[in-house]
Protein chains: 2
Amino acid sequence: MMRTSDVAVIGAGVIGLAVAWRAAQRDMTVTVIDPSPGSGASSAAAGMLAPVTELHYAERDLLDLTLDSAARYPEFVTELESATGLDVGYRRCGTVSVGWMGSDLAALRDLAEFQRALALTVETLTAAELRRLEPLLAPGLPGGVLVTGDHQVEPPALVAALRTGATFAGAQLVEQRVASLRVDSETVVGVDLADGSAITAGETVVACGAWAALLDLPGDVELAVRPVKGQTLHLSGDPGALSHVVRGEVRGAPVYLVPRSDGRLVIGASSEEAGFDLRPRAGVVHDLLRDAQALLPSVAEMELVGVRTGLRPGTPDNSPLLGRAGVDGLVIATGHHRNGVLLTPVTADGVADLLETGTAPTAWKPFDPLRFSPVRVDREASWS
Amino acid sequence: MMRTSDVAVIGAGVIGLAVAWRAAQRDMTVTVIDPSPGSGASSAAAGMLAPVTELHYAERDLLDLTLDSAARYPEFVTELESATGLDVGYRRCGTVSVGWMGSDLAALRDLAEFQRALALTVETLTAAELRRLEPLLAPGLPGGVLVTGDHQVEPPALVAALRTGATFAGAQLVEQRVASLRVDSETVVGVDLADGSAITAGETVVACGAWAALLDLPGDVELAVRPVKGQTLHLSGDPGALSHVVRGEVRGAPVYLVPRSDGRLVIGASSEEAGFDLRPRAGVVHDLLRDAQALLPSVAEMELVGVRTGLRPGTPDNSPLLGRAGVDGLVIATGHHRNGVLLTPVTADGVADLLETGTAPTAWKPFDPLRFSPVRVDREASWS
């Protein structure tokens, strides 16, 4: 069996579904292929939209991209919710970052200085100010920093809305595994599926996160993407325990607590180099609970609803791989690492532009999918 | 709709199903009623069969009963497995009890002295002997005690086999909730079900664990049974991490690790007075993982498969309520607290005797269901 489509999108997580939605809105025929839509990294993500709080040293290019995407979020959500009638749990809640010990706080404040040097808005909180903002945090915390501009969505709700939005706009969803890319004279012309069927497409978008590492690309192209396992804990308690997202450094280890408005709480996240192993590790559950309880003692009384693991698509510089990869018919949109949910609007808009006009946004230059690839270097060498 | 049966058994956990199996074997018609068979305390139990290790001071009568039941276990399992073709995971693995600190070990050894005074076989282990027996336990543990006679079953497998055994023997299983006992002239004559139907029976056996506390009994009889919440963690790892059940006292808190032969590990268990609340509490998960890792560091690397909670049917003296409760047509078989799986054979045999002959085993005198009931005292007073 053979289907034909303008665009084939490999992967139905937030990135793939948003690309499909945007492309279908521009009257392209779109097929999204995923054996289990929304079950990958999107299902384990906490949904923090935190360009400032997530910023680390030397990630200046990434900051510009995350700020751009954060700025697009309100309109993106409004449009998606009105198109689908679904709520994606978008909240402007701000982030409070707290230190457990003085040394944890000192590291946070150093980072805040760097962030302020980039003209970002970061407020320093004394211990007393922290207690006023979040009275149920552990007594004795030395202080923190506040970023009021951060917001959150609920990733499973976002997946559901994007799936509905893409479908309403005319995209087809095929719940199959991609076996391989179809290649004709060095050009990608669609995908072969595990059930023996195929989809031919003028453009094929790789949006399958860490699994892109397992895809054979033509021309010896290799994507510098690897799985970075993350575990999140999902709890339930009384609403109002926290009014902001709380991020903490506890004895040097990061932990975050993302409160939903109905009393649910997401605690995250580990960062493990464990290949494609998705099993939740007991030691990680222990450490996350220990550190979360250290910051918010009432965590101990909450119900543990579940543990989810996902594989972030990590890259050497923690920034995504976006755009062409030197192969006709192929577009890359993966490597979003910790920022997949945040970068969904800017990625979807940019890929739709690229599909429609043939040109990627100029701001994507630093995110060239081949920037780590020896193949790229060889080619450049052959041009000189 | 009305069914008629010689015996109605309320509750399809290990106790109710074993009673049904034994009664059906003696040619009684039996109906077992449970809205969700095997989903109560039986589903969360670890399956340790440990009359000696579970013994506490001043529980001498209970010890006789648990030793009796433990002695019946091998034949009980052989008969059940050959009747059903199912494996219940019965293993003679012995129990090693270890102390975390010297004071934990001192308490264990004091208890071992008491156990030895009752002619039970308990061996003292030095730190070096402990390491030889269980080399993967944390280095530096001060020592322990060994009870070679303890064994284990897998409760979900036992439930499945008992259900099959009871059915093969002719018992009927009705997946409904009991609304109330049917009472005619102070005699229990069956049960009314939540769906409006009824089952009439010459004898009705209360084997619904902690839920017996919610059952209205005739004649103002009250059962001194209450829910004692327990949580167990279910992990998976490489086989061979432990060859014995390991019980520990870690800074005064008890924890146990029950290894299955295929690498699974059950960690238990909390003991919480929380009414009928079945939600797993995050603080308990944390504490169990902390204490289990303290004893067996490789727990941190194991997969956390799930958390189960159950409600033990607790009584004031930690011993079951067995036999008549001063009401014709009514037999009580609950209150097994921490020993339900262990006490299954002796309970089922005794209830079947009582149903067949009208007389409970004489050894059950200490377990009179009304021994805590003020009603009993009033009646005796009126007889004098």
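Chains are numbered independently. Their residues run from 1 in the order of the written sequence. Working convention: letters from A go to chains and numbers from 1 go to ligands, in the order in which they are written. Two thresholds apply to this predicted model, a pLDDT of at least 70 for residue-level local features and 80 or more for giving and counting side-chain atom pairs, whereas whole-chain, interface and lining totals are computed over all residues. In computing side-chain values, all of the structure's heavy atoms are included and hydrogens and water are not.

Some points on the overall build of chain A
Quick reminder of the rule: Secondary structure is summarised from DSSP: a helix means a run of H or I of at least four residues, a strand means a run of E of at least two, and numbering begins at the N terminus for each. The globule rule is 2.2 Å times the number of residues to the power 0.38, and the radius of gyration it is compared with is taken over C-alpha atoms. Note on classification: 1.4 Å probe, protein chains only; a residue is buried when its accessible area is under 20% of the maximum for its type, exposed when over 50%, partly exposed between these limits. By the convention used here, residues are in contact when the closest approach between their heavy atoms is within 4.5 Å. Here the Shrake-Rupley method, with its probe set to 1.4 Å, supplies the accessible areas, and only the displayed protein chains count as covering residues. Neither His nor the chain termini are counted; the positive set is Lys and Arg, and the negative set is Asp and Glu. Charge placement uses NZ in Lys and CZ in Arg. For Asp and Glu, CG and CD serve respectively.
Looking only at helices and strands, chain A features nine helices and 18 strands. In terms of overall size, chain A behaves like a compact globule, its C-alpha atoms giving a radius of gyration of 21 Å where 384 residues would be expected to give roughly 21 Å. With the C-alpha coordinates of chain A rotated into their principal frame, the extents come out at 65 × 50 × 40 Å. Per-residue burial over chain A gives 56% buried out of 384 residues. When contacts within chain A are restricted to residue pairs at least 6 apart in sequence, long-range pairs at least 24 apart make up 74% of them. Accessible area of chain A: about 15000 Å², with a carbon and sulfur share of 51%. Counting 31 positive and 47 negative side-chain charges, chain A places the centres of these two groups 4 Å from one another.

Brief notes about the packing of helix 3 (residues 60-84) of chain A against helix 8 (residues 344-357) of chain A
Residues and elements named next belong to chain A. We apply this condition: Only the stretch in contact is used when a helix axis is fitted, and all axes are lines through C-alpha atoms; the angle between N-to-C directions ranges over 0 to 180 degrees. Should an angle fall under 35 degrees it is taken as roughly parallel, and over 145 as roughly antiparallel, whereas 65 to 115 is taken as roughly perpendicular and any remaining angle as oblique.
Look at helix 3 against helix 8: their axes get within 7 Å of each other, and the N-to-C directions meet at 90 degrees. As summarised for this structure, helix 3 and helix 8 are arranged roughly perpendicular, according to the angle between their axes. Packed against helix 3, whose contacting residues are L65, D68, S69, R72, Y73 and F76, the element helix 8 presents T344, P345, V346 and D349 at the interface.

What about the interface of chain B and chain A?
As a reminder of what qualifies: In this description, buried area is defined as the sum, over both parts, of the accessible area (probe of 1.4 Å) that is lost when the two are combined. For salt bridges, the criterion is a side-chain nitrogen of Lys or Arg within 4 Å of an Asp or Glu carboxyl oxygen. Two N or O atoms count as a polar contact when they lie within 3.5 Å, although within protein this holds only if one can serve as hydrogen donor and the other as acceptor, and sequence-adjacent residues are included solely when both atoms are side-chain atoms. Residue polarity follows a fixed list, in which Ala, Val, Leu, Ile, Met, Phe, Trp, Tyr, Cys and Pro are nonpolar, Asp, Glu, Lys and Arg are charged, and the others, Gly among them, are polar.
Contacts between chain B and chain A engage 18 residues on the former and 18 residues on the latter. Together, the buried faces of chain B and chain A total about 1500 Å²; carbon and sulfur atoms form 60% of this surface. Looking at the side of chain B facing chain A, the largest losses of area belong to B:A282, B:H286 and B:L304, adding up to 33% of the total buried there. At the junction of chain B and chain A, the tally comes to two salt bridges. Notably, a salt bridge pairs A:R281 with B:E301, separated by 3.0 Å at the nearest N-O pair. Taken together, chain B and chain A are joined by 10 residue pairs in polar contact (both at pLDDT 80 or more). When contributions to the side of chain B that touches chain A are tallied by element, the ones reaching two or more residues are helix 7 (282-295) and strand 16 (303-314) of chain B. Sort the elements by how many residues they give to the side of chain B that touches chain A and helix 7 of chain B lands first, with seven residues. Here the side of chain B that touches chain A is built from residues that sort into 10 nonpolar, three polar and five charged.

Details of the domain arrangement of chain A
Residues and elements named next belong to chain A. We apply this condition: A domain assignment, automatic or from a database, supplies the domain bounds used here.
Examined at the domain level, chain A breaks down into domain 1 (2-46 + 156-225 + 316-383) and domain 2 (92-150 + 227-314). The distance between the C-alpha centroids of domain 1 and domain 2 comes to 31 Å. Of the residues lining the interface, 17 residues belong to domain 1; the matching set on domain 2 comes to 19 residues. Carbon and sulfur atoms supply 61% of the area buried between domain 1 and domain 2, which totals about 1400 Å² over both sides. The largest contributions to the domain 1 side of the interface with domain 2 come from A46, H337 and R338, which together make up 38% of the buried area. On the surface where domain 1 and domain 2 come into contact, there are four residue pairs in polar contact (both at pLDDT 80 or more).

Topic: the relation of the copies chain B and chain A
Inclusion rule: The copies were overlaid by least squares, fitting only the C-alpha atoms of residues that reach a pLDDT of 70 or more in each copy.
Laying chain B over chain A is done by rotating through 180 degrees and shifting 0.0 Å along the axis; what remains is an RMSD of 0.0 Å. On this basis, the relationship between the two copies can be described by a two-fold rotation axis. When C-alpha positions in chain B are compared against the rotation axis, the closest is assigned to B:H286, at 2.7 Å. Most of the interface of chain B is mirrored in chain A, where 100% of its interface residues again form contacts.

Topic: a negative patch on the surface
Let me state the cut-off plainly: The patch calculation keeps residues exceeding 30% relative accessible area without a salt bridge and links them within 9 Å when they carry like charges or within 5 Å when they are nonpolar (Val, Leu, Ile, Met, Phe, Trp, Tyr).
Taken together, A:E186, A:D216, A:D220 and A:E222 make up a surface patch of like negative charges. With respect to the element layout, A:E186 can be found in the loop between strand 9 (178-184) and strand 10 (187-193).

Things to note about the sheet that holds strand 4 (residues 95-99) of chain A
All names here are of chain A. Quick reminder of the rule: Strands are labelled as partners when DSSP assigns at least two bridges between them.
Spatially, the eight strands line up as an open sheet ordered 5-6-4-13-14-15-12-16, and their pairing is mixed. Looking at which strands have only one partner, the edges of the open sheet turn out to be strand 5 (123-126) and strand 16 (303-314). Between one strand and the next, the sheet's axes are offset by a mean angle of 20 degrees, whatever the strand orientation. Of the pairings in the sheet, the one linking strand 12 (residues 226-236) to strand 15 (residues 264-268) comprises five bridges and is antiparallel in character. Bridge assignment links S236 to a residue of strand 15, and that residue is R264.

With respect to the packing of helix 1 (residues 14-25) of chain A against helix 8 of chain A
Residues and elements named next belong to chain A. Short version of the rule: Should the near helix be turned counterclockwise from the far one by less than a right angle, the crossing is left-handed, whereas a clockwise turn marks it as right-handed.
Orientation of helix 1 relative to helix 8, taken along the N-to-C sense of each, is 45 degrees, at an axis distance of 8 Å. If you check the angle between helix 1 and helix 8, you find them oblique. As helix 1 runs across helix 8, the sense of the crossing is right-handed. Judged by residue contacts, V14, I15, A18, V19, R22 and A23 of helix 1 engage T344, T347, A348, D349, V351, A352 and L355 from helix 8. Partitioned by chemical class, the residues of the contact of helix 1 with helix 8 number nine nonpolar, two polar and two charged.

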